[in-house]
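What follows is each chain in one-letter form.
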Amino acid sequence: MSTATTTQATPVTPLDLNNIQGDILSGLPKKTQIYYFFEITDATKFRHDLRKFIPLVETVAGVLKDRDAIDNHKKNKHPGLIPMTGVNISFSHKGFVKLGIDDSTLAPAVDKAFKTGQQIDAVNNLGDPKKSDGSPDWDSHFLQDIHGMFIISGDCHNSIKKKEHEIEQLFGVQTSQASIKKIVAIRGDVRPGAEAGHEHFGFLDGVSNPAVIGFDKVINPGPKPVEPGVLLTGQPGDSFTRAPWATDGSFIAFRYLFQQVPEFNEFLKQNPIAKDGNGNALTPEEGSELLGARMVGRWKSGAPIDLAPFKDDPVLAADQKRNNDFFFEGEINSQLRCPFATHVRKTNPRNDLEVPPPGIAPIPIEGRRIMRRGIQFGPELTKEEKAKGKTEHGRGLLFASYQTNITNGFQFLQQSWANTQNFPPFETQPELPGLDPLIGQGVRSMSGLDPLAEQKVLSMPTFIVPRGGEYFFAPSLKGLKETIAAAA
């Protein structure tokens, strides 16, 4: 049932927005962004250099001020963009080991993913393609030991390059006194014009991030808001006891994801749906558009197919009071409106688990929610790629998600939901739902794509290829100052 509300509960202790890194709750404002991965080469010097770096770290409070400035800039119709940058920092388990910092209470034993690291997790649990030696088939940079990550966001390339240079100077990069070594820096950019906010397949992204109790002032109708401890360590809703220095931090799952956009478009073109769920004939273009929407769970506008099952509704998509207010209600054993394996349903099953069929206990999913961030990378499609239907230039998503438990969050969503053919588990239809058509790893097929032939299974190639990643922890400002950096 709907959880429409404009009020919220308040945690016992108000969130300290000056202590939380800015990307976690509010998202660093950006038109462009660099993910900068580094190795710590001199731990002692790094901790001294870190103290000089900390004033550059953007907090949630700082982000909110920046967003107010952006809003005023737009309201007053000033030309161009406000020059602006924001920086955050995070560390891998190997980074903490290098620094001699005990993270045993940071990541309890039940959250094995952070300590194991994503290289091993990719093969054992995430299902990433493997090379002949058993290692993940990744870009070579991500097969190295990565100790930390800077996120540098800004209004333009020049702004973030200047900030990157400033950071490198603080840590002495490319000098004999360097405390870090740059492994790789990957730049992403918001797509141009009308495609801003849309990922490379063309679908509006980031619509269904969770609202957070005690932070979001207005909670729109849709899935219930989450306790801050789902995203922030040491806050109400965090199921583990953390060391004091670890309060107000968050774990990051970073993924370097390449999208096969021409191949995706060609697949839609070659497999159009002939009729909608009401039996109305569709043109090939309409049938291809419907197929894409039923794979993703939303139309490219962002309108959810659970509410607009057979025709796009841009007005619905633009209405924040309606565009996330759906729950897959009344769809037990039916894929008419929305296939069970659609990406949106796989990654947030809503009432499929929380309001299951009679006689089955509900499964809470609040602890599985993640805050999705990231940015697109790579060029727009070229004429040659469109004509050949084949990828010739790398493009995709620099994916980052925040949570207080990677094993219960990102890893679980990928392994137990996206990669599992019989999820959701309570349906008794004869056909298997199949893998998540976008991020599922394995033999790829999906039922329910044709609303009038739900048992028909359509096989498909891989459309998103993981080429690297790592797990990090983004500490609070107090954690950076009092534990990780050298004493003043």
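Every value quoted in this text rests on a predicted model; they were computed, and no experiment measured them.

Trainee: Mind showing me how you'd approach the overall build of the chain here?
Mentor: Each helix and strand in the chain was counted, giving 15 helices and 10 strands. Relative to the globule expectation of 23 Å for 488 residues, the C-alpha radius of gyration of the chain, 22 Å, shows essentially globular dimensions. Seen through its principal axes, the chain has C-alpha atoms that stretch 70 × 60 × 55 Å. Within the chain, the fraction of its 488 residues that count as buried is 55%. Here the chain displays about 20400 Å² of accessible surface, and carbon together with sulfur accounts for 53% of that area.

Trainee: Just checking my understanding: could you explain the pairing of strand β10 (residues 464-474) for this structure?
Mentor: Looking along a regular strand, one sees the side chains alternate between the two faces of the sheet. Counted residue by residue, β10 has nine buried out of 11 residues, so it is predominantly covered. As defined by bridge partners, strand β5 (residues 250-259) adjoins β10 across nine bridges and the pair is classed as antiparallel. Within the sheet, the bridge partner assigned to Ser250 lies in β10 and is Ala474.

Trainee: Just to check I follow, could you spell out the UniProt feature "domain: DyP dimeric alpha+beta barrel" (unreviewed entry) in the chain for this structure?
Mentor: Mapped onto the present numbering, the UniProt feature "domain: DyP dimeric alpha+beta barrel" (unreviewed entry) falls on residues 19-192. Secondary structure within residues 19-192 divides into 38% helix and 19% strand; the distance between the first and last C-alpha atoms comes to 33 Å.

Trainee: Before we go on, may I ask you to explain empty space enclosed by the protein in this structure?
Mentor: Over the atoms, a rolling probe the size of a water molecule traces out where space has been left empty. Going through the model one piece at a time under the given rule, you end up with one cavity of 30 Å³ or more. Volume-wise, the largest cavity comes out at about 710 Å³. Along the wall of the largest cavity there are 32 residues; nearest its centre are Asp205, His343, Thr347, Arg372 and Phe399. Elements that contribute at least two residues to the lining of the largest cavity include exactly β5, α11 (343-347), β7 (396-403) and α14 (410-418).

Trainee: Even after reading the chapter, I still don't get the side chain of Asn323, so can you show me in this structure?
Mentor: Assignment of secondary structure puts Asn323 in the loop between α10 (314-318) and α11. Leaving out residues up to four positions away in the same chain, Asn323 has contacts with Val207, Arg298, Pro304, Leu316 and Ala317.

Trainee: What exactly am I supposed to notice about helix α9 (residues 284-296) here?
Mentor: One full turn of an α-helix is made of 3.6 residues, so residues set three or four places apart face in the same direction. Between its first and last C-alpha, α9 extends 19 Å over 13 residues, near the 18 Å set by a 1.5 Å rise per residue. Buried within α9 we find Gly287, Ser288, Leu290, Leu291, Gly292, Ala293, Arg294, Met295 and Val296. On its buried side, α9 packs onto α8 (261-270), α11, β8 (445-447) and β9 (457-459). Just beyond α9, the residue with positive phi is Gly297, at close to 100°.

Trainee: So what exactly am I meant to see when it comes to the pattern of salt bridges here?
Mentor: Opposite charge on two side chains allows them to pair when their charged atoms are near. If you walk through the whole model with that rule in mind, you get 19 salt bridges. Where Lys45 meets Asp49, a salt bridge forms, and the shortest distance between an N and an O atom there is 2.8 Å. Remark: Asp49 and Lys45 occur in helix α2 (residues 43-53); sequence separation between them is four residues, near one turn of the helix. Classification of Asp49 by relative accessible area gives buried; the value is 3%. The closest approach of N and O atoms between Lys94 and Asp145, which form a salt bridge, is 2.8 Å. Of the two residues, Lys94 is situated in helix α4 (residues 93-99) and Asp145 in the loop between α6 (118-126) and β3 (148-154); the sequence distance between them amounts to 51 residues.

Trainee: Mind showing me how you'd approach the packing of α2 against helix α15 (residues 477-484) here?
Mentor: Relative orientation and spacing of two packed helices are given, respectively, by the angle between their axes and the distance between those axes. At a closest axis distance of 10 Å, the pairing of α2 and α15 adopts a crossing angle of 145°. Of the two possible hands of crossing, α2 and α15 adopt the one that is left-handed. Seen from α2, the contacting residues are Arg47, Leu50 and Arg51; seen from α15, they are Leu480, Lys481, Thr483 and Ile484.

Trainee: Can you help me understand the packing of aromatic side chains in this one?
Mentor: The description of an aromatic ring pair rests on the distance of the ring centres and on the angle between the ring planes. In the structure shown here, the tally under the stated rule is 32 aromatic pairs. Between Tyr35 and Phe254, the ring centres sit 5.1 Å apart and the planes meet at 40°, which makes this aromatic pair tilted. Highlighted residues: Tyr35 in strand β1 (residues 32-40) and Phe254 in strand β5, separated in sequence by 219 residues. Each member of the pair, Tyr35 as well as Phe254, is classed as buried. A centroid spacing of 5.0 Å and a plane angle of 65° characterise the contact between Phe114 and Phe251, whose relative ring orientation is edge-to-face. Separated by 137 residues along the polypeptide, Phe114 in helix α5 (residues 112-116) and Phe251 in strand β5 bring together distant segments of the chain. Look at Phe251 and you get buried, because its relative accessible area is 0%. Taken together through their ring pairs, the aromatic side chains of Tyr36, Phe38, Phe46, Phe53, Phe91, Phe96, Phe114, Phe150, Phe171, Trp245, Phe251 and Phe473 make up a single cluster. Of note, Arg350 hangs over the ring of Phe326, and the distance from its end group to the ring centre comes to 3.8 Å. Sitting over the ring of Phe412, Arg368 keeps its end group 3.5 Å from the ring centre.

Trainee: For this particular structure, what's the right way to read the environment of Gln376?
Mentor: For Gln376, the location among the structural elements is in strand β6 (residues 371-377). Its relative accessible area of 8% is what places Gln376 among the buried residues. In sequence terms Gln376 and Gln169 are 207 residues apart; their C-alpha atoms lie 27 Å from each other. In this view, Gln376 contacts Gly188, Asp189, Val190, Arg191, His198, Glu199, His200, Asp205, Gly396 and Leu397; residues no more than four positions away in its chain are not counted.

Trainee: So what exactly am I meant to see when it comes to the nonpolar core here?
Mentor: Soluble globular proteins: nonpolar side chains tend toward being buried together. Formed by 120 residues in total, the largest nonpolar core has its most connected members in Leu25, Phe37, Leu50 and Phe150. For this core, the leading source of residues is β5, giving seven residues.

Trainee: What am I meant to see in the environment of Arg373 here?
Mentor: Inspection of the secondary structure puts Arg373 in strand β6. As for Arg373 and Val355, which are separated by 18 residues in sequence, their C-alpha atoms are 28 Å apart. The contacts of Arg373, once residues within four sequence positions are left out, are Asp23, Ile24, Leu25, Ser26, Gly27, Asn209, Leu398, Phe399, Ala400 and Tyr402. For Arg373, the side chain forms a polar contact with the main-chain oxygen of Ile24, separated by 3.2 Å.

Trainee: For this particular structure, what's the right way to read the environment of Ala308?
Mentor: Checked against the element boundaries, Ala308 lands in the loop between α9 and α10. Separated by 74 residues in sequence, Ala308 and Thr382 have C-alpha atoms that sit 32 Å apart. With residues near it in sequence (within four places) discarded, Ala308 still touches Trp299, Asp313 and Leu316.

Cut-off values and rules
- Per-chain numbering applies: the sequence of each chain, read as written, is numbered from 1 onward.
- Whole-chain, interface and lining totals are the exception, using all residues; otherwise, since this is a predicted model, local features are given only for residues with pLDDT of at least 70 and side-chain atom pairs are given and counted only at 80 or more.
- For side-chain calculations, the full set of non-hydrogen atoms in the structure is used, while hydrogens and water are omitted.
- Secondary structure elements are defined from DSSP: runs of H or I of at least 4 residues count as helices, runs of E of at least 2 residues count as strands, and each element is numbered from the N terminus.
- C-alpha atoms define the radius of gyration in this analysis, and the globule rule sets the expected value at 2.2 Å times the number of residues to the power 0.38.
- Each residue is placed in one exposure class: buried if its accessible area under a 1.4 Å probe, protein chains only, is under 20% of its type's maximum, exposed if it is over 50%, and partly exposed if it falls in between.
- Shrake-Rupley sampling with a 1.4 Å probe provides the accessible areas, and residues are treated as covered by the protein chains on show and by no other component.
- Pairing between strands is defined by DSSP: at least two bridges between them are needed.
- UniProt positions are given in the numbering used here, feature names are shortened, and annotations may be inferred rather than shown by experiment.
- Only protein atoms enter the 1 Å grid used here. Points where a 1.4 Å probe fits but cannot escape make up a cavity, open sets with protein on both sides within 12 Å along at least five of seven lines make up a pocket, and a residue lines them when an atom lies within 4 Å of a point.
- Grid points are joined across faces, edges and corners, and a volume is the space filled by probe spheres set on the points.
- Whether two residues are in contact is decided by their heavy atoms, any of which lying within 4.5 Å being enough.
- Every helix has an expected span of 1.5 Å times one less than the residues it contains.
- Counted as salt bridges are all cases of a side-chain nitrogen of Lys or Arg within 4 Å of a carboxyl oxygen of Asp or Glu.
- Fitted lines through C-alpha atoms serve as axes, helices being fitted only where they are in contact, and the angles separating the N-to-C directions of these axes extend from 0 to 180 degrees.
- Working rule for handedness: look at the near helix, and if it is turned counterclockwise from the far one by less than a right angle, call the crossing left-handed; if clockwise, right-handed.
- Stacked, edge-to-face and tilted are the three classes for Phe, Tyr and Trp ring pairs, Trp counted by its six-membered ring, which pair at centre distances within 6.5 Å; planes under 30 degrees apart are stacked, over 60 edge-to-face, the rest tilted.
- For a ring to carry a charge above it, either NZ of a lysine or CZ of an arginine must fall within 6 Å of the ring centroid while also lying within 35 degrees of the normal to the ring plane.
- Side-chain atoms within 4.5 Å are what join buried Ala, Val, Leu, Ile, Met, Phe, Trp, Tyr and Cys residues into a set we call a nonpolar core.
- Throughout this description, a polar contact denotes any pair of N or O atoms lying within 3.5 Å of each other; where both atoms belong to protein, one of them has to be capable of donating a hydrogen while the other can accept it, and for residues adjacent in sequence the pair is counted only when both atoms sit in side chains.

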